[in-house]
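Given next are the chains, with one letter for each unit.
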Amino acid sequence: MSGATRQSTAAAREQLDALTDNTSVDVAALSSDLQDVTRVLDREVTLRRILTDPAAPGQAKADLVAHLLQGKVGAETVDLLSGMVRSRWSAGRDLSDATEQLSALALIIGADKAGELDDVEDELFRFGRVVAGNLELRSALTDNAASTSAKAELVANLLGGKAKAATVALVTSLVTQPRGRSLESGLEEYSRLAAGRRGRVVALVTTAVPMSDAQKQRLAASLETLAGHPVHLNLDVDPQVLGGVRVQIGDEIIEGTIAGRLDSANRSLAG
């Protein structure tokens, strides 16, 4: 991500935070509107180029957004997009990428405000594990020949009444609008966004045996010291894991057998 796009994305996220501070804002509707806008931007390459043209006046681009979207999406979405097109973007695709990210973040913010974000993080992880273990299900969710309505119905049947509304909406968005991502990478992206909402990093922890709550707490504290940030644990069990514990934080994989790196974490598990 270039410097211009990074700054513009950060500014858009700040604007989203400000909008969602208003309790009257329906974050689910805002997210849905942003998904619709993303779909249009993905489809209309010329429009993306116009809205990200650095030579065009920002107000003219904002006026165009208002003309195109007024009455079709909520006022909050119009305000958000108007601010975004005033910013500088390195490529047209960056604008639609940021819009899609804001759609997911709106749901995550809503879950956080409802005290459900921990549940959403865990549900996204568990759903990923279920899909990874069921090739037929994964094929149905990623089949390019299947209609978006059929995929949405499948997600509703799988998660409806069993997961938080934000989780259902995030998974539905991913399978109906993957935008070139694999199902696994999309779920990981949403997990990172959810963890980032609280300034946390995600640690995928695989252990040979299930951990007790006390062990989880001690391991989280050890990994927090190691990572330098609060840590959200995604837990998996694999009897074949070497050293009793395997941790992945971002792209870094740490085996429990590496001397010193996870010494404190291994002691935590032993306790």
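Procedures and definitions
- Residues numbered from 1 in each chain as written.
- Predicted model: local features only at pLDDT ≥ 70, side-chain atom pairs only at ≥ 80, totals over all residues.
- Heavy atoms only, no water.
- 1 Å grid on protein atoms, 1.4 Å probe; cavity = no way out; pocket = protein on both sides within 12 Å on 5 of 7 lines; lining within 4 Å.
- Points joined across faces, edges and corners; volume = space filled by probe spheres on them.
- Helix = DSSP H or I, 4+ residues; strand = E, 2+ residues; numbered from the N terminus.
- Pairing = 2+ DSSP bridges.
- Right-handed = clockwise from strand over helix to strand, strands pointing away.
- Buried < 20%, exposed > 50% of the residue type's maximum accessible area, 1.4 Å probe, protein only.
- pLDDT = per-residue confidence, 0-100.
- Contact = heavy atoms within 4.5 Å.
- Salt bridge = Lys/Arg side-chain N within 4 Å of Asp/Glu carboxyl O.
- Axes fitted to C-alpha atoms, helices over the stretch in contact; angles between N-to-C directions.
- Left-handed = near helix turned anticlockwise from the far one by under 90°.
- Nonpolar A, V, L, I, M, F, W, Y, C, P; charged D, E, K, R; others polar.

Draft legend 1. Fine view of the layout of surface pockets. Within this model, the largest pocket holds a volume of roughly 560 Å³. Along its surface, the largest pocket is lined by 23 residues, and Glu188, Arg192, Val202, Leu204 and Asn234 are the ones closest to its centre. Elements that contribute at least two residues to the lining of the largest pocket include exactly helix 7 (117–132), helix 11 (183–197), strand 1 (201–207) and strand 3 (245–249). Tallying contributions element by element places helix 11 first for the lining of the largest pocket, with 8 residues.

Draft legend 2. Representation of the pairing of strand 2 (residues 231–237). For strand 1 and strand 2, the ladder comprises 7 bridges, and the chain directions are parallel. Note on strand 2: the bridge partner recorded for Thr206 is Asp236. Between strand 1 and its parallel partner strand 2, the chain crosses via helix 12 (residues 213–227), and the hand of that crossover is right-handed.

Draft legend 3. Up close: the pairing of strand 3. Alternating positions in strand 3 separate cleanly, Val245, Val247 and Ile249 being buried on one face and Arg246 and Gln248 remaining unburied on the opposite face. Note: strand 1 against strand 3, 5 bridges, orientation antiparallel. When the bridges of strand 3 are listed, Val205 appears paired with Val247.

Draft legend 4. Summary view of the confidence of the model for the chain. The predicted model of the chain has a mean per-residue pLDDT of 89, with 93% of residues at 70 or higher. Below a pLDDT of 50 lies the segment residues 257–261, which in the model reaches 5 contacts outside its immediate sequence neighbourhood of four places, other chains included.

Draft legend 5. Highlighting the pattern of salt bridges. Applying the stated criterion to the full structure yields 20 salt bridges. The partner of Arg181 in a salt bridge is Glu189, and the shortest N-O contact between them spans 3.0 Å. Residue Glu189 is classed as buried on the basis of its relative accessible area, which comes to 19%. Ionic pairing is found between Lys216 and Asp213, a salt bridge with its closest N-O pair at 3.7 Å. Of this pair, Lys216 and Asp213 are both found in helix 12, 3 residues apart, which corresponds to roughly one turn of the helix. On the accessibility criterion, Asp213 (56% relative accessible area) is exposed. Connected through shared salt-bridge partners, Asp17, Asp112, Asp118, Glu121, Arg197, Arg198 and Arg200 make up one network.

Draft legend 6. Looking closely at the environment of Ala156. Summarising the element assignment, Ala156 is placed in helix 9 (residues 148–159). Here Ala156 falls in the partly exposed class, since its relative accessible area comes to 37%. Residues Ala156 and Leu19, 137 residues apart in the sequence, show an inter-C-alpha distance of 29 Å.

Draft legend 7. Expanded view of the packing of helix 1 (residues 3–20) against helix 6 (residues 92–113). Orientation of helix 1 relative to helix 6, taken along the N-to-C sense of each, is 35 degrees, at an axis distance of 10 Å. In terms of crossing hand, the pair formed by helix 1 and helix 6 is right-handed. Contacts from Thr5, Thr9, Ala12, Arg13, Leu16, Asp17 and Thr20 in helix 1 reach Asp94, Ala98, Gln101, Leu102, Leu105, Ala106, Ile109 and Lys113 in helix 6. Considering only residue class, the contact of helix 1 with helix 6 consists of 7 nonpolar, 4 polar and 4 charged.

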